[in-house]
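Notes for the structure review
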Amino acid sequence: MRELIKGFLSVFIHFAVGFLCCLLYVLFFTKTGVLPRFSLQWKLAETGLLFIRIMPAMLVSSILIGYAVIFGTCGQNTVERYSLILVRYLKEAFIILFACISLYLILIEIAVPMLDNYRRYTEFKTRDYYDFISKADISLQNHQAEEAYANVQAALAVWKDNPEALALLDSIKVSRSKQHSARKDTAESKSAYYHAEAENLTVEGAFFIAKRYMENQDFYSAHFYASKAYQLSIETDPYREDSLRMMALAWNQIEKGSAELKADFDIRLYRAKQFAYELMQQKNYIKAYYQFLAAQRMVTEHDSLKHDPDIDRFVEITRKKLLEEAFFIDETKSLLSFESARNVSFILPPSNSSGAVKINIEGLSSVFEKGIQEMYGRNCEIAEYSLNNQLQSRYRIPYIKIIPIIDLYNQPRLHVLFQAVDEKHDRIISQPILLSGVLPLERNTVRLLPFSYAEFELIIAANAGERTMSIPQLYRFRSIGPQYGFAAQIYHREILARLSDLFVIIILSIFMLVLAWSFRIPPHQPFRSGWALSFPVFFVMATGLIETVRYGTRLVITLFTDHIYVISPAVFFFIYVLLLIGVSFLFCAQRSETY
């Protein structure tokens, strides 16, 4: 038991010193390349990744050095081959290795993806920040204050209270204020034109002002300007008779009184509701939504305290139907600041009537809305091919929304919306932009992806590289990857390489026991401080040995998976078991020189 504790102590000391060296190296000898606000977290993440990377070498080195001391100080001077003493040492070494390998496996499968994702996140945010600042500066120089303001706000969302961004924000606010003042002056000048005094009006100008007020149902103002037009006109003026008729019409409307005006409003509201309902019956839910929304505004403007329950109900119904075909552009605001994946590419397999489809999404953001995991994509480019692999159409969609659904066959699928609309006004803000070929009508609004949200997350992980995926992800994706344009051999090799690493560490560690026995410190030999200088040499040698074996193993794995793909795991497992048994017998075959 004492030797077991000493073995764990040797491993712990190596790990502690190794982590401290990694931290010092990253702090003083590594350039961050990220924003200062991310610098400390980035360095800690880089320290963790570097430490995990050298853990196998530290473990092997600690076994060699620790057991060289343990074998020399245990007092066992005479040991025969295959003795119980050596078997006990081997068993205790396996306990240490099992604990360390378990820790290493947890770190490599859980901690490494998290740290690597955070490192990529900080690099993304750094590039985004400088892009936002650059775009804001260019927009400011081009006198596009609103666009500059949006970009600098996005930059501040990445790095709050940054002096550079705040100084740029102040300049943009000044520019916005000037532009608002200019627009206000222009509006006031136009208003002055429409409300000019009688001596500044022409017959034509007064008539058209009156006509505009009639359209807005401001009958008093319409009567006033129509009378002005009539007074300014002469007998031969073409607007004289029209002005007189408009005066009479406006006066008649004034005399109708509030009761008849209310009746007129009810008629207009009924017609608006009828038109919106007809659109809904035609399943034109987008147009129907905006018509019901306009009718709802009519009611509010007529009487702010009044509500039409039918209109309110139909607004909600058409809104839900609209969101099955499109999404509101406001949902995409500031999504760039929360993007979790970039440059995601995959291929949809050909069907009976069409060929393969290549899809590339520049950026993906994931949100959790009302218990549903949804995704938004930015700059999605789609290329559709025929069955004979000829390009049929290529188009780009500025924004897409991806929603998980259950199809008619009770299978999980992803519903992709291509159209983004304004929530308050009847405008399509984002829709497919044809780059080449012909865009099919059915591709203009939605598309159904033939996989689930969980499978899409595997595709996203695969785009980041097989080395960033966990073993369960690699195992699941190995079977579905080929149909989406990913070679199964890549993920099969990575699984074998990951498992091979564990066997390589165990086998080399047991082999270090053999060397430790051969170079054990003689009994009662005092420890010399100069020996500590050789410890880094052992670590460098262990690192070189492990990396050499890893490289050779990956070459053999590539060869085997290309020629014996199906049975390659069994072959490797058989070889590693033989090597492990062999090196264990080799250690048990050691003996002391005095026996």
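Residues numbered from 1 in each chain as written. Predicted model: local features only at pLDDT ≥ 70, side-chain atom pairs only at ≥ 80, totals over all residues. Heavy atoms only, no water.

Thoughts on the overall build of the chain
The helix and strand tally for the chain stands at 15 helices and 10 strands. In the chain, of all internal contacts separated by at least 6 residues, the share reaching a separation of at least 24 is 68%. Here the chain has roughly 33000 Å² of accessible surface; of this, 61% comes from carbon and sulfur atoms. (Helix = DSSP H or I, 4+ residues; strand = E, 2+ residues; numbered from the N terminus. Contact = heavy atoms within 4.5 Å. Areas by Shrake-Rupley, 256 points an atom, 1.4 Å probe, with all protein chains shown as cover.)

Describing the side chain of Ser61
As for its placement among the helices and strands, Ser61 is situated in helix α2 (residues 36-73). For Ser61, a relative accessible area of 1% translates into the label buried. (Buried < 20%, exposed > 50% of the residue type's maximum accessible area, 1.4 Å probe, protein only.)

With respect to the pairing of strand β4 (residues 372-385)
Every other side chain in a regular strand lies on the same face of the sheet, so the side chains alternate between the two faces. Most of β4 sits inside the fold, with 10 of its 14 residues counted as buried. Bridge count for strand β3 (residues 357-369) against β4 is 12 bridges, and the pairing is antiparallel. Bridge pairing in β4 places Val357 opposite Glu384. Here β4 runs beside strand β5 (residues 391-406); their pairing, made up of 10 bridges, is antiparallel. Residue pairing across strands places Ile382 opposite Tyr395, the latter belonging to β5. Linking two consecutive strands that pair antiparallel, namely β4 and β5, is a turn of 5 residues; a positive phi of about 65 degrees is found at Asn389 within it. (Pairing = 2+ DSSP bridges.)

Considerations on the pattern of salt bridges
Note on pairing: side chains with opposite charge can pair once their charged atoms come close. Using the criterion set out here, one finds 21 salt bridges in the structure. Measuring nitrogen to oxygen at the nearest pair gives 3.6 Å for the salt bridge that ties Lys401 to Glu374. Within this pair, whereas Lys401 is found in strand β5, its partner Glu374 is found in strand β4, the two being separated by 27 residues in sequence. Classification of Glu374 by relative accessible area gives buried; the value is 9%. (Salt bridge = Lys/Arg side-chain N within 4 Å of Asp/Glu carboxyl O.)

Notes on unusual backbone geometry
Even without being a glycine, Tyr82 presents a positive backbone phi close to 55 degrees. Structurally, the position occupied by Tyr82 is in the loop between α2 and α3 (84-141). A positive phi angle, close to 65 degrees, is found at His143, a residue other than glycine. Along the chain, the position of His143 falls in the loop between α3 and α4 (145-158).

Focus on the nonpolar core
One recurring pattern in soluble globular proteins is that nonpolar side chains are buried together. Phe15, Leu59, Tyr67, Phe71, Ile510, Leu513 and Phe587 are the most contacted members of the largest nonpolar core, which has 57 residues in total. Elements represented by at least two residues in this core include exactly α1 (2-29), α2, α3, α13 (488-518), α14 (535-563) and α15 (568-588). Among the elements that take part in this core, α2 stands out by supplying 16 residues, more than any other. If we ignore the near neighbours within four places in the chain, the residues touching Leu59 are Val11, Phe15, Leu97, Cys100, Ile101, Ile505 and Ser509. Ranked by size, the runner-up nonpolar core spans 35 residues in total, among them Ile400, Leu414, Val416 and Tyr484. (Core = buried A, V, L, I, M, F, W, Y, C linked by side-chain atoms within 4.5 Å.)

Quick look at the packing of α3 against α4
Packing of α3 against α4 leaves a shortest axis separation of 8 Å and a crossing angle of 155 degrees. It follows from the interaxial angle that α3 and α4 lie roughly antiparallel. As α3 runs across α4, the sense of the crossing is left-handed. Each of Lys125, Tyr129, Phe132, Ile133, Lys135, Ala136, Ser139 and Leu140 in α3 lies in contact with α4, whose residues at this interface are Glu147, Ala148, Asn151, Val152, Ala154, Ala155 and Val158. Grouping the constituent residues of the contact of α3 with α4 by class yields 10 nonpolar, 2 polar and 3 charged. (Axes fitted to C-alpha atoms, helices over the stretch in contact; angles between N-to-C directions. Parallel < 35°, antiparallel > 145°, perpendicular 65-115°, else oblique. Left-handed = near helix turned anticlockwise from the far one by under 90°. Nonpolar A, V, L, I, M, F, W, Y, C, P; charged D, E, K, R; others polar.)

Regarding the confidence of the model for the chain
The pLDDT averaged across the chain works out to 84; a share of 90% of its residues lies at or above 70. Taken together, the stretch residues 187-199 has pLDDT below 50 and engages in 11 contacts with residues farther than four places along the chain or on a different chain. (pLDDT = per-residue confidence, 0-100.)

A short note on the sheet that holds strand β8 (residues 428-430)
Strand order in the open sheet formed by 3 strands is β1-β7-β8, with mixed pairing between adjacent strands. At either end of the open sheet lies a strand with only one pairing partner, and these are β1 (326-328) and β8. Between one strand axis and the next, the sheet turns by 45 degrees as a mean value, whatever way the strands run. Relative to β8, strand β7 (residues 419-421) runs antiparallel, the two being bridged by 2 bridges. If you follow Ala420 over to β8, its bridge partner there is Ser430.

Some thoughts on the packing of aromatic side chains
This structure, assessed with the given rule, holds 31 aromatic pairs. Seen in terms of ring centroids, Tyr129 and Trp159 are 5.6 Å apart; in terms of plane orientation they differ by 55 degrees. Their pairing is tilted. Here Trp159 lies in the loop between α4 and α5 (163-194) and Tyr129 lies in helix α3, a separation of 30 residues in the sequence. Comparing Tyr129 with Trp159 shows no difference in burial state: the two are buried. Ring centres 5.1 Å apart and planes at 80 degrees place the aromatic pair Phe451 and Tyr484 in the edge-to-face group. Here Phe451 is found in the loop between β10 (446-449) and α11 (453-463), whereas its partner Tyr484 is found in the loop between α12 (471-480) and α13, with 33 residues between them in sequence. Residue Tyr484 is classed as buried on the basis of its relative accessible area of 3%. Among the aromatic residues, ring-to-ring pairing joins Tyr67, Phe71, Tyr89, Trp517 and Phe587 into one connected group. Across the ring face of Phe314, the terminal group of Arg313 is positioned such that the distance to the ring centre comes to 4.7 Å. Taking NZ or CZ as reference, Arg342 lies 4.7 Å from the ring centre of Phe124, over its face. (Phe/Tyr/Trp six-rings, centres within 6.5 Å; stacked < 30°, edge-to-face > 60°. Lys NZ or Arg CZ within 6 Å of the ring centre and 35° of its normal.)

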